[in-house]
Every structure is written in C-alpha cells, then in structure tokens.
Amino acid sequence: MKMRRRDFIAGVGGIVAFWPDVSRAQQVGGKRRVAVMTNTTESDQDERSRVATFRDELRRLGWFEETNIHLEYRWTAASTDLAKKSAAEIVEMTPDVIFVIGTTTVSIVLERTRSIPVVFVTGADPVKVGFVNSFANPGGNATGFADLVDTISGKWLQYLKEIAPPTSRVLVLHTDSRATITQLPALQEAAATLGVELLPTNVHDAAEIQRALDSHAGEAHVGVIVPPSSIAAVYRNLIIARVAQHGCPAMYPNRRYPASGGLMSYAGDRVEQYRRSALYVDRILKGAKPIDLPVRLQDRFELVLNQKTAKALGLDVPRIWIAGGVELIE
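Computed from a predicted model, the values in this text were never measured in an experiment.

### Some remarks on the packing of helix H1 (residues 45-60) against helix H10 (residues 270-285)
The description of two helices packed together rests on the angle between their axes and the distance between the axes. Between H1 and H10, the least distance of the axes is 8 Å, while the angle of their chain directions is 35°. Handedness of the crossing formed by H1 with H10: right-handed. Contacts between H1 and H10 involve Glu-47, Arg-50, Val-51, Thr-53, Phe-54, Glu-57, Leu-58 and Arg-60 from the first element and Arg-270, Val-271, Tyr-274, Arg-275, Ser-277, Ala-278, Leu-279 and Val-281 from the second. Partitioned by chemical class, the residues of the contact of H1 with H10 number eight nonpolar, two polar and six charged.

### A closer look at the environment of Leu-157
With respect to the helices and strands, Leu-157 occurs in helix H4 (residues 149-163). Taking the C-alpha atoms as reference, Leu-157 lies 9.3 Å from Gly-223; in sequence the two are 66 residues apart.

### Some thoughts on the sheet that holds strand E4 (residues 118-122)
Strands in a sheet are paired, the pairing made by backbone hydrogen bonds, and the direction either parallel or antiparallel. Taken together, six strands build an open sheet; the order of strands is E2-E1-E3-E4-E5-E11 and the sheet is parallel. With partners counted over all chains shown, the strands left at the sheet margins are strand E2 (69-75) and strand E11 (296-297), one partner each. By the bridge criterion, seven bridges tie strand E1 (residues 32-38) to E2 in an arrangement that is parallel. Bridge pairing links Arg-33 to His-70 in E2.

### A word on the sheet that holds strand E13 (residues 327-329)
Taken together, seven strands build an open sheet; the order of strands is E7-E6-E8-E9-E10-E12-E13 and the sheet is mixed. Taken across any chain shown, the strands that pair with only one partner, and hence form the sheet edges, are strand E7 (197-202) and E13. Taking each pair of neighbouring strands and ignoring which way they run, the sheet shows an average axis angle of 20°. Examined bridge by bridge, strand E9 (residues 250-252) and strand E10 (residues 264-268) share two bridges and lie parallel to one another. The residue bridging Met-251 from the neighbouring strand is Met-264, located in E10. Across the sheet, helix H6 (residues 206-216) lies against strand E6 (169-174), E7 and strand E8 (222-225), angled at about 180° from E6, the strand it touches most. Strand contacts of helix H8 (residues 236-246): E6, E8 and E9, with the helix running at about 165° to E9, the strand carrying the most contacts.

### Side note on unusual backbone geometry
Even without being glycine, Ala-77 reaches a positive phi, approximately 55°. Note that Ala-77 resides in the loop between E2 and helix H2 (80-93). In this model, Thr-94 sits at a positive phi of 45°, which is unusual for a non-glycine residue. Relative to the helices and strands, Thr-94 is located in the loop between H2 and strand E3 (97-101). Taking the relative accessible area as the measure of exposure, Thr-94 reaches 26% and is therefore partly exposed.

### So, the pairing of E10
Here is the key point about a regular strand: its side chains alternate between the two faces of the sheet. Within E10, five of the five residues are buried, leaving the element largely enclosed by the surrounding structure. Residues Met-264, Tyr-266 and Gly-268 point to one face of E10 and Ser-265 and Ala-267 to the other, with burial holding for every one of them. Bridging between E10 and strand E12 (residues 301-306) involves five bridges; their strand directions are antiparallel. The partner of Met-264 across the bridge, within E12, is Leu-305.

### Observations concerning H1
Between its terminal C-alpha atoms H1 stretches 22 Å, which fits the 22 Å expected from 16 residues at 1.5 Å a residue. Turning to H1, the residues buried within the fold contact E1, E2, E3, helix H9 (256-259) and H10. The N-terminus of H1 is capped by Asp-44, whose side-chain oxygen sits 3.0 Å from the backbone nitrogen of Asp-46. With its phi angle positive at about 105°, Gly-62 sits one or two positions after the end of H1.

### Quick notes on the nonpolar core
Ranked by size, the top nonpolar core spans 28 residues in total, and within it Met-264 and Leu-305 carry the most contacts. Looking at this core, the elements with two or more residues in it are H4, E6, helix H5 (178-194), E10 and E12. Among the elements that take part in this core, H4 stands out by supplying six residues, more than any other. Beyond its immediate sequence surroundings of up to four residues, Met-264 is in contact with Tyr-159, Leu-160, Ile-163, Ala-250, Met-251, Tyr-252, Pro-258, Val-304, Leu-305 and Trp-321. By size, the runner-up hydrophobic cluster in this structure holds 25 residues, among which are Met-37, Val-106, Val-129 and Ala-146.

### Some words on the pairing of E3
Most of E3 is tucked away: five of the five residues are buried. In terms of strand pairing, E1 meets E3 through four bridges, oriented parallel. Bridging from a neighbouring strand, Val-34 pairs with Val-97 of E3. Looking at chain direction, E3 and E4 are connected through four bridges and run parallel. Bridge pairing in E4 links Phe-99 to Val-119.

### Describing the pattern of salt bridges
On inspection of all chains with the given rule, the structure shows 20 salt bridges. Arg-236 serves as the salt-bridge partner of Asp-44, at 3.6 Å between the closest nitrogen and oxygen. Residue Asp-44 is found in the loop between E1 and H1, and its partner Arg-236 is found in helix H8; the two are separated by 192 residues along the sequence. Where Glu-72 meets Arg-74, a salt bridge forms, and the shortest distance between an N and an O atom there is 3.0 Å. Sharing partners across several salt bridges, the network here consists of Asp-44, Asp-46, Arg-236 and Arg-256.

Reading the values: rules and limits
Residues numbered from 1 in each chain as written. Predicted model: local features only at pLDDT ≥ 70, side-chain atom pairs only at ≥ 80, totals over all residues. Heavy atoms only, no water. Axes fitted to C-alpha atoms, helices over the stretch in contact; angles between N-to-C directions. Helix = DSSP H or I, 4+ residues; strand = E, 2+ residues; numbered from the N terminus. Left-handed = near helix turned anticlockwise from the far one by under 90°. Contact = heavy atoms within 4.5 Å. Nonpolar A, V, L, I, M, F, W, Y, C, P; charged D, E, K, R; others polar. Pairing = 2+ DSSP bridges. Buried < 20%, exposed > 50% of the residue type's maximum accessible area, 1.4 Å probe, protein only. Expected span 1.5 Å × (residues − 1). Polar contact = N/O pair within 3.5 Å; in protein donor to acceptor, adjacent residues only side chain to side chain. Core = buried A, V, L, I, M, F, W, Y, C linked by side-chain atoms within 4.5 Å. Salt bridge = Lys/Arg side-chain N within 4 Å of Asp/Glu carboxyl O.

Structure, rendered in structure tokens:
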C-alpha cells in the first residue's frame, strides 16, 4: 500500500538587483557547456538517478550530448577541499551554466564566481544565507530551488513525538554549515513547545557520527534527527546501521533513508527539483538571466515510513498519519 502526505508552502520576495556582464563562455566542439557539481559521491545511486532526471529533462528540451551540449561533472563527496578544487576547475572552464547541489557546495561556487550563471538546489533559505537578494528577484548570477528546511524542521520533531510519544531527548546530527544557521533555531523553538530537550551535535566524519550515536542513542527515551547535509548523505548507511543497533526512533532528511531501512523521513521531492532545474538551465542557455528566474520553493512534502523498522522498534503507525496519507514502505 502506498499513500502520500503532501503539504504546501509558497514564498514571496522582491527587490531588483543588477546583472553583471558575462563574456561568451567557452564551448566544446561547438557545444554549449554545462557544469554539474554535486555534494555526494559518484557511487551514490540515488544521486546518480536524480542527475539522470536532470539530463533526461535536458534531452526532452532538445539538448543532446551527442550534438549540442557538453556536461561536465564533479562529485565532491562531502569534502570542502574537493569542492573548492572542483569549483576552481569549473570556473576556469567558463561554462555557460553551473548546476550546483548542496548548501555548502553552492556557497563555495558563489565565492568563486559572481558572473557565470548558477542554478542551485539547496535545503537552506537562499536569502538568509546570502545566495540571492530575494525569491522574486534573485539579483546577481544565481537562482534555483530551495527546500527551506528551517520551516519544516519543526515537523520532524512533531512526527518523531507522534510515533514515539515517550521521546524526551533528541540527538540532532548536524554539520557546521550555513544550513545549520536556519535549521537549529526552528528545531529549538519546536522543542520548547513539545517539551523535548535537544542534543545538537556537530559531526564531520564517520568517527564523530559513531561517537555521537554511541554516546546518546542508546539511552532511554532518546530519538534522533538527521537534517539534510552532504556528510549525512555520504555516511547514510553507517548512520542507519548505528541507529538500528541502538534501537531508537529516528527522522531522516529524505525517503532514501527509510527505503534503506531507516524509520522515516519528511522531505520534499528532490527528483522534481532536478527536473525543474533543467528547465531553468534551458532558459538560461536560450538567453534568460538568473535575475529573470525567481527562486522556487519546494511545494510538495512527503512523510515516508518503513513499516518493518517501525515494527522492530515496537511502534504503531498513528491513525492520523493513515488519514493524512503517509507513504508506507517495507
């Protein structure tokens, strides 16, 4: 049985900014050049699938690697050093457009160029972290799509309490990134309302993730929240396995976690964001500027629950979730 829970949000904004002059980008054999820079590893099958959606949509729009477009890929594997190196290489190529995924990765690219057009996908508020001037009129050289996880992070905590009411302390595995600036305050506000103590823990690698989980996840009435980050994506299987070992309820940043054995996720449809990003890249290749393309907010969120994991933890699916359309997977 599959059902989906969908919530809707919208964004507004509005100040006008100028667009800097951009010299004609280099081309490869007469083809237009688009750089694709992700924050995960090339072996990540979920990310490869989303990038394939982006590529397929470009093909649907008339851009074929065989004839008129060259795609240059960089996989940064949650490494800031590799992201900086990749950003420098990409900017040196002067592509027509750069498509970038991940808040930290986007910030590194924008530190390198304020002239080459950038289309991004980020979980942070792009205005708060300085990527754009406003949603309606981005200004500068960047635009794209945002999940705005600071507005939904309270839902992570709410759902965790609904499925595991005794939860009184929640370990938050976050990274030291611009997205954290907006995620934690919203979580702290929700925690105060729900009477939950947050245990924010900054992690950067496998050793720190294991230490954090081993220190708290085995305690009574402790839950785990894993906000979206490149670190979490790279060490996804480790996190899921360690949480299962300690037997605590956990909320994850997207459906690939419950699909891999994690308990549940509440997140936007990233596949659709990649498809819509291709539409923006197409418009820029045809003459539009980022200032002409408003930043779009995620408008569809899905609550996904792994029934097998819930049963193993002795948790029942709340009736309100069934009525609301939770997606149940085995």
